[in-house]
Amino acid sequence: MTVAFLKTHKTASTTVQNILFRFAERHNLTVALPHPSCEHQFCYPRNFSTHFVHPATRPPHVLASHLRFDRAELERLMPPGTIYVTILREPAAMFESLFSYYNQYCPAFRRVPNASLEAFLRAPEAYYRAGEHFAMFAHNTLAYDLGGDNERSPRDDAAYLAGLIRQVEEVFSLVMIAEYFDESLVLLRRLLAWDLDDVLYAKLNARAASSRLAAIPAALARAARAWNALDAGLYDHFNATFWRRVARAGRACVEREARELREARQRLLRRCFGDEPVLRPAAQIRTKQLQPWQPSRKVDIMGYDLPGGGAGPATEACLKLAMPEVQYSNYLLRKQKRRGGARARPEPVLDNPPPRPIRVLPRSPQGP
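Residues numbered from 1 in each chain as written. Predicted model: local features only at pLDDT ≥ 70, side-chain atom pairs only at ≥ 80, totals over all residues. Heavy atoms only, no water.

An unreviewed UniProt entry lists the protein chain under the name Galactose-3-O-sulfotransferase 3, with Sapajus apella given as the organism. Recorded under Sequence similarities (unreviewed entry), the UniProt text for the protein chain is reproduced unchanged: "Belongs to the galactose-3-O-sulfotransferase family." Looking at the protein chain in UniProt, the text filed under Pathway (unreviewed entry) is "Protein modification; carbohydrate sulfation." (UniProt positions renumbered as here; feature names shortened; annotations may be inferred.)

Here's what the structure looks like:
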């Protein structure tokens, strides 16, 4: 009942967050949510601090919003016995997603002619400036999210990577792998002693096919892994430990349970979104609460919409299943503030408030 999820970037982490939000709401658990100055992230990219947590959401049972890991601060916030989990993604695929998603915000990406990933990876040092705003999205983002020094290179200092791996292993009871998402959820369910229904999901924050590469050429993938060598080392290690964990659990059992999860998930999606549930562009989603945040005019983030005419508890559950991060975070904060009532404390005023997180750019007018 007490879970801290380190929400890494572009790793299917928004879908995991939604699973945790829905579980917490069903069981009336308190979810740690950011102070309004931080919007929907815990003042990322600053190191996490308990001061970034809204007072109406403390003490929490669940934490699942973006932050930069700081073990001491999280242990101050979360109760003893909290289970820590996170998720990693293959670095080349992750970097392609980062380059697309944050292209209008990360200066290193904005400098690249024609927004060319190939051009950036051909000479990343020509565009990258360590220390500038949002630089972490352009170099070893996983290592940065985990609290590490993303400027270190395992080629120059293998001991640093080994030390970072040890630190992660000391804290996290499970490191999930995005490429094996359903198998990861089986292990998560077992770790937390949850039911299979507790980890059913709708895919959230997914880019349209037109906004991503269908396949990453092998040479480009090698270049991405070389530039993000610290992330590659982390991923390779935890991918191997993931499969050792699957083997200990019984690979056939895990695969059978993953199939059951996929079948139950399809039944749920059809029940909520119609016989042929499909991801839609935001402009085609009529339900405002389900319209996903759009990072720029060049990237389309897809979502689900509810069929017309629905009402009642089943519709409410379906709404939460597909609710994007920003809307769900705002909803939970309002709900928990009402629940706190008179005991809610005044919101602290942050010294040295962080820069505002990135916000959506105005979209060009679109037809129906």
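Still to come is the rest of the account.
Draft legend 1. Representation of the sheet that holds strand β1 (residues 3-6) in the model. Strands sit in the order β2-β3-β1-β4-β5 across an open sheet of five strands; the sheet is parallel. The open sheet terminates on both sides in strands that have one partner only, identified here as β2 (31-32) and β5 (174-177). Of the strand pairs in this sheet, β1 and strand β3 (residues 62-63) are connected by two bridges, and their pairing is parallel. Looking at the pairing, V3 lines up with V62 of β3. (Pairing = 2+ DSSP bridges. Helix = DSSP H or I, 4+ residues; strand = E, 2+ residues; numbered from the N terminus.)

Draft legend 2. The packing of aromatic side chains, seen in detail. The full count for this structure, using the stated rule, is 25 aromatic pairs. Considering the side-chain rings of F242 and W243, the 5.2 Å spacing of their centres and the 90 degrees angle between planes classify their relative orientation as edge-to-face. Judged by its relative accessible area of 2%, F242 falls in the buried class. On the basis of relative accessibility, which here comes to 22%, the residue W243 falls in the partly exposed class. Ring-pair connections join several aromatic residues into one group, and the members of that group are Y44, Y101, Y102, F134, F137, Y144 and W293. Just above the ring of Y101 sits the side chain of K10; from NZ or CZ to the centre is 3.6 Å. Seen from the ring of Y144, R68 lies directly overhead, with NZ or CZ sitting 3.8 Å from the centre. (Phe/Tyr/Trp six-rings, centres within 6.5 Å; stacked < 30°, edge-to-face > 60°. Buried < 20%, exposed > 50% of the residue type's maximum accessible area, 1.4 Å probe, protein only. Lys NZ or Arg CZ within 6 Å of the ring centre and 35° of its normal.)

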